[in-house]
Amino acid sequence: MFSGIDHLGLFIAAGLLLNLTPGPDVLYIISNGLRGGWRGGAVAALGIGAGCFVHIAAATIGLSALVAASATAFTVLKWVGAMYLVYIGASMLLVRSNRGSRGLLAQVAGAPAVGGLNLRKVFTDGFWTNTLNPKVALFFLAFLPQFIQPDAAHKTLTFLLLGLIFNINALPVNLAYAFGAAWLSGNLQVTRRGMAWFERGAGALFVYFGIRLAISDHPT
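Residues numbered from 1 in each chain as written. Predicted model: local features only at pLDDT ≥ 70, side-chain atom pairs only at ≥ 80, totals over all residues. Heavy atoms only, no water.

*Asks:* Looking at this structure, I do not really get the overall build of the protein chain. What am I missing?
*Replies:* When its secondary structure is counted, the protein chain shows eight helices and two strands. The linear arrangement of helices and strands in the protein chain, starting from the amino end, is α-α-α-α-β-β-α-α-α-α. Scored against the burial criterion, the 220 residues of the protein chain give a buried share of 46%. In the protein chain, the share of contacts with a sequence separation of at least 24, taken over all contacts with a separation of at least 6, comes to 79%. (Helix = DSSP H or I, 4+ residues; strand = E, 2+ residues; numbered from the N terminus. Buried < 20%, exposed > 50% of the residue type's maximum accessible area, 1.4 Å probe, protein only. Contact = heavy atoms within 4.5 Å.)

*Asks:* Where do I start with the pattern of salt bridges in this structure?
*Replies:* Summed over all chains, the structure comprises one salt bridge. The salt bridge involving Asp 125 is made with Lys 121; its shortest N-O contact spans 3.3 Å. Separated by four residues within a single helix, Asp 125 and Lys 121 lie in helix α5 (residues 119-131), roughly one turn from each other. (Salt bridge = Lys/Arg side-chain N within 4 Å of Asp/Glu carboxyl O.)

*Asks:* I'm lost on the packing of aromatic side chains in this one. Help?
*Replies:* Two aromatic rings are characterised by how far apart their centres lie and by the angle between their planes. Throughout the structure, instances matching the rule amount to eleven aromatic pairs. For the pair Phe 140 and Phe 166, a centre-to-centre distance of 5.6 Å together with 85 degrees between the ring planes defines the contact as edge-to-face. In this pair, Phe 140 sits in helix α6 (residues 134-143) while Phe 166 sits in helix α7 (residues 155-188), placing the two residues 26 residues apart along the sequence. Side by side, Phe 140 and Phe 166 carry an identical accessibility label, which is buried. Grouping aromatic residues by their ring pairs yields a cluster made of Phe 11, Phe 139, Phe 140, Phe 143, Phe 147 and Phe 166. (Phe/Tyr/Trp six-rings, centres within 6.5 Å; stacked < 30°, edge-to-face > 60°.)

*Asks:* It is not clear to me how α5 should be interpreted in this structure. Could you clarify?
*Replies:* Residues spaced three or four apart along an α-helix point in a common direction, a consequence of the helix completing one turn every 3.6 residues. Its 13 residues place the ends of α5 18 Å apart at the C-alpha level, agreeing with the 18 Å of an ideal helix rising 1.5 Å per residue. Here α5 starts with a cap whose side-chain oxygen sits 3.1 Å from the backbone nitrogen of Arg 120, and that cap is Asn 118. (Expected span 1.5 Å × (residues − 1). Polar contact = N/O pair within 3.5 Å; in protein donor to acceptor, adjacent residues only side chain to side chain.)

*Asks:* I'm lost on a nonpolar patch on the surface in this one. Help?
*Replies:* On the surface, Val 76, Trp 79, Val 80 and Met 83 cluster together into a nonpolar patch covering about 390 Å² of accessible area. Structurally, the position occupied by Val 76 is in helix α4 (residues 71-93). (Patch = residues over 30% accessible without salt bridge, like charges linked within 9 Å, V, L, I, M, F, W, Y side chains within 5 Å. Areas by Shrake-Rupley, 256 points an atom, 1.4 Å probe, with all protein chains shown as cover.)

*Asks:* Mind showing me how you'd approach the packing of helix α2 (residues 24-61) against α5 here?
*Replies:* Close contact between α2 and α5 brings their axes to 7 Å; oriented N to C, the two are set at 45 degrees. With respect to α5, the axis of α2 lies oblique. With respect to the hand of their crossing, α2 and α5 are arranged in right-handed fashion. Of the residues that constitute the contact of α2 with α5, the class distribution is twelve nonpolar, nine polar and four charged. (Axes fitted to C-alpha atoms, helices over the stretch in contact; angles between N-to-C directions. Parallel < 35°, antiparallel > 145°, perpendicular 65-115°, else oblique. Left-handed = near helix turned anticlockwise from the far one by under 90°. Nonpolar A, V, L, I, M, F, W, Y, C, P; charged D, E, K, R; others polar.)

*Asks:* How should I be thinking about the environment of Thr 158 in this particular structure?
*Replies:* With respect to the helices, strands and loops of the structure, Thr 158 is situated in helix α7. Sequence separation of Thr 158 and Ile 5 is 153 residues, and the distance between their C-alpha atoms is 6.6 Å.

*Asks:* Would you take a moment to explain helix α1 (residues 8-20) for this structure?
*Replies:* Taking 1.5 Å per residue as the helical rise, α1 with its 13 residues ought to reach 18 Å, and the 19 Å between its terminal C-alpha atoms agrees with that figure. Residues of α1 that are buried include every one of Phe 11, Ala 14, Gly 15 and Asn 19, and no others. Looking straight down α1, one finds that the buried residues subtend no more than 135 degrees of arc, so they occupy a single side. Facing away from the buried side of α1, by more than 90 degrees, are the exposed residues Gly 9, Leu 10 and Leu 17. (Arc of directions from axis to C-beta.)

Pasting the structure below:
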């Protein structure tokens, strides 16, 4: 089943360590876990994972290679992703602590909601936060081939399998972040005003991630 994969154990261990590293995805999961409990965090994690599947498919069929090779394609995706991150951050910065405001997580009529969260929007925003980040696409192109045997009979299928293994292994880590955030929210009894300030802080970090992505150079 794992024919063509080189050092599978090392690949899994490295993937787990990489997924533990904080970044926009982790911040998004934690913020929703704090605000909406384990359901909010879990839905955010599933949205991030769904976006990751897009990168895996794109890298497998060569679209990510095009982004890596073309400065224009990279720049377009980079700016779209940066603007989306800034949009997410700005929406969180505008949250108000009064009862009527939901900030970024505004409830939409008819949509499933938990603790003020519109779970459909949480999933969608998580999906696009990951999908529109060109660095995720380039990560798969740089990381996965290192674990493909040079004489692998089906390198494309091996690449796809590695991507699926990486994303499946990431899910427990992301869910752990979600449950951890939900536990902290429940046990520390975070006030509505305190949650609003946390959301503003998270929003500022999203704006920072967006600006950092916007000014990043095309990899050579």
